[in-house]
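# An overview of the molecular structure
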Amino acid sequence: MKTTELRQKDVAGLQAEVKELQKAHFGLRMQKATQQLNNTDALRLARRDIARAKTILVEKQAASQSAK
């Protein structure tokens with residue numbers, strides 16, 4: 001997911017996106033454990049997507065805290 005798409009979401013939307021990405025990452029880990037995952041690069045991409053979403057979430061939360 002691109003950062004521009006993530007930055008357009010609000011805090012609740014980002015939290016939901018992080019949960020969804022974590023579920024997808026869990027599924028990929030289970031596929032890897034059962035030798036069903038062909039594209040192992042997908043694990044790395046999923047981790048980076050989660051990190052990207054969490055970073056933007058923290059930025060938005062900090063911005064809302066400083067605005068108060």
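Residues numbered from 1 in each chain as written. Predicted model: local features only at pLDDT ≥ 70, side-chain atom pairs only at ≥ 80, totals over all residues. Heavy atoms only, no water.

## Structural notes on the confidence of the model for the protein
Chain-level pLDDT for the protein is 94 on average; 100% of the residues reach the 70-or-more range. When the elements of the protein are averaged for pLDDT, helix α1 (residues 3-7) gives the smallest value, 92, and helix α2 (residues 11-33) the largest, 97. (pLDDT = per-residue confidence, 0-100. Helix = DSSP H or I, 4+ residues; strand = E, 2+ residues; numbered from the N terminus.)

## Things to note about the environment of His25
With respect to the helices and strands, the residue His25 is situated in helix α2. The buried category is assigned to His25, whose relative accessible area is 11%. Between the C-alpha atom of His25 and that of Thr4, which follows or precedes it by 21 residues, the distance is 21 Å. Leaving out residues up to four positions away in the same chain, His25 has contacts with Leu43, Ala46, Arg47 and Ile50. (Buried < 20%, exposed > 50% of the residue type's maximum accessible area, 1.4 Å probe, protein only. Contact = heavy atoms within 4.5 Å.)

## A closer look at the nonpolar core
General note: in soluble globular proteins, nonpolar side chains tend to be found buried as a group. One finds Leu6, Leu14, Val18, Leu21, Ile50, Ala53, Ile56 and Leu57 forming the largest nonpolar core, which totals eight residues. Of all the secondary structure elements, the ones that give two or more residues to this core are α2 and α3 (41-67). Leave out the neighbours within four places in its chain, and Leu21 touches Asp49, Ile50 and Ala53. Of all hydrophobic cores here, the second largest spans five residues; its members include Leu37, Ala42, Leu43 and Ala46. (Core = buried A, V, L, I, M, F, W, Y, C linked by side-chain atoms within 4.5 Å.)

## Details of α2
The terminal C-alpha atoms of α2 lie 33 Å apart, and with 23 residues this matches the ideal 33 Å at 1.5 Å per residue to within 8%. Here the buried face of α2 lies against α1 and α3. Of the residues one or two after α2, Gln35 is the one with positive phi, at around 65 degrees. (Expected span 1.5 Å × (residues − 1).)

## A closer look at the pattern of salt bridges
Within the structure shown, the criterion is met by four salt bridges. Across the pair Arg7 and Glu59 runs a salt bridge whose closest N-O atoms are separated by 2.8 Å. One end of the pair, Arg7, is in helix α1; the other, Glu59, is in helix α3, with 52 residues separating them in the sequence. What makes Arg7 partly exposed here is its relative accessible area of 45%. (Salt bridge = Lys/Arg side-chain N within 4 Å of Asp/Glu carboxyl O.)

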